[in-house]
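Architecture and fold: a report
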Amino acid sequence: MKSEGQKQSQKHEKRIAKRIGGKRNAASGAYWQRKGDVRSDDLLIEHKYTGKKQTTIKSDVLKKIMREAILDGRMPVLGIHLDGEDYVILSEHDFIEMREKLRNA
């Protein structure tokens, strides 16, 4: 049986997948050929959920999603649901690249 946190995490993965035109990966990316929790044509998202007011983000998590996304030809994104709010973390390089594309559009 799934915990409440697991149910909420899946709910948020489904929501973000729909918003970016992507899909949730089975088993949260546990299979070698489909890493990450959510993927679209250009993004690979690792999603973390907590209802708490704080969480710890370890560099290993960021490095893992970055490595998997690069190997898959996608931009790595860490999505976090924290205390009722949704956030994303990008590398500075990817943030600057996205900003420049928006300015030149």
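Residues numbered from 1 in each chain as written. Predicted model: local features only at pLDDT ≥ 70, side-chain atom pairs only at ≥ 80, totals over all residues. Heavy atoms only, no water.

Of all residues in the protein, 90% have pLDDT values of 70 or greater, and the mean over the chain is 87. Per-element mean pLDDT across the protein ranges from 86 in helix α1 (residues 4–20) up to 94 in helix α3 (residues 92–104). (pLDDT = per-residue confidence, 0-100. Helix = DSSP H or I, 4+ residues; strand = E, 2+ residues; numbered from the N terminus.)

Take unusual backbone geometry next. Non-glycine residue Asp-83 carries a positive phi angle of around 55°. With respect to the helices and strands, the residue Asp-83 is situated in the loop between β4 (75–82) and β5 (85–89). Relative accessible area serves as the criterion here: at 38%, Asp-83 is assigned to the partly exposed category. (Buried < 20%, exposed > 50% of the residue type's maximum accessible area, 1.4 Å probe, protein only.)

Within the largest apolar cluster, seven residues are counted, these being Ile-16, Ala-17, Val-38, Leu-43, Ile-45, Met-75 and Val-77. If you list the elements that add at least two residues to this core, you get α1, β3 (43–50) and β4. Ignoring sequence-local partners within four residues, the contact set of Ile-16 consists of Val-38 and Ile-45. (Core = buried A, V, L, I, M, F, W, Y, C linked by side-chain atoms within 4.5 Å. Contact = heavy atoms within 4.5 Å.)

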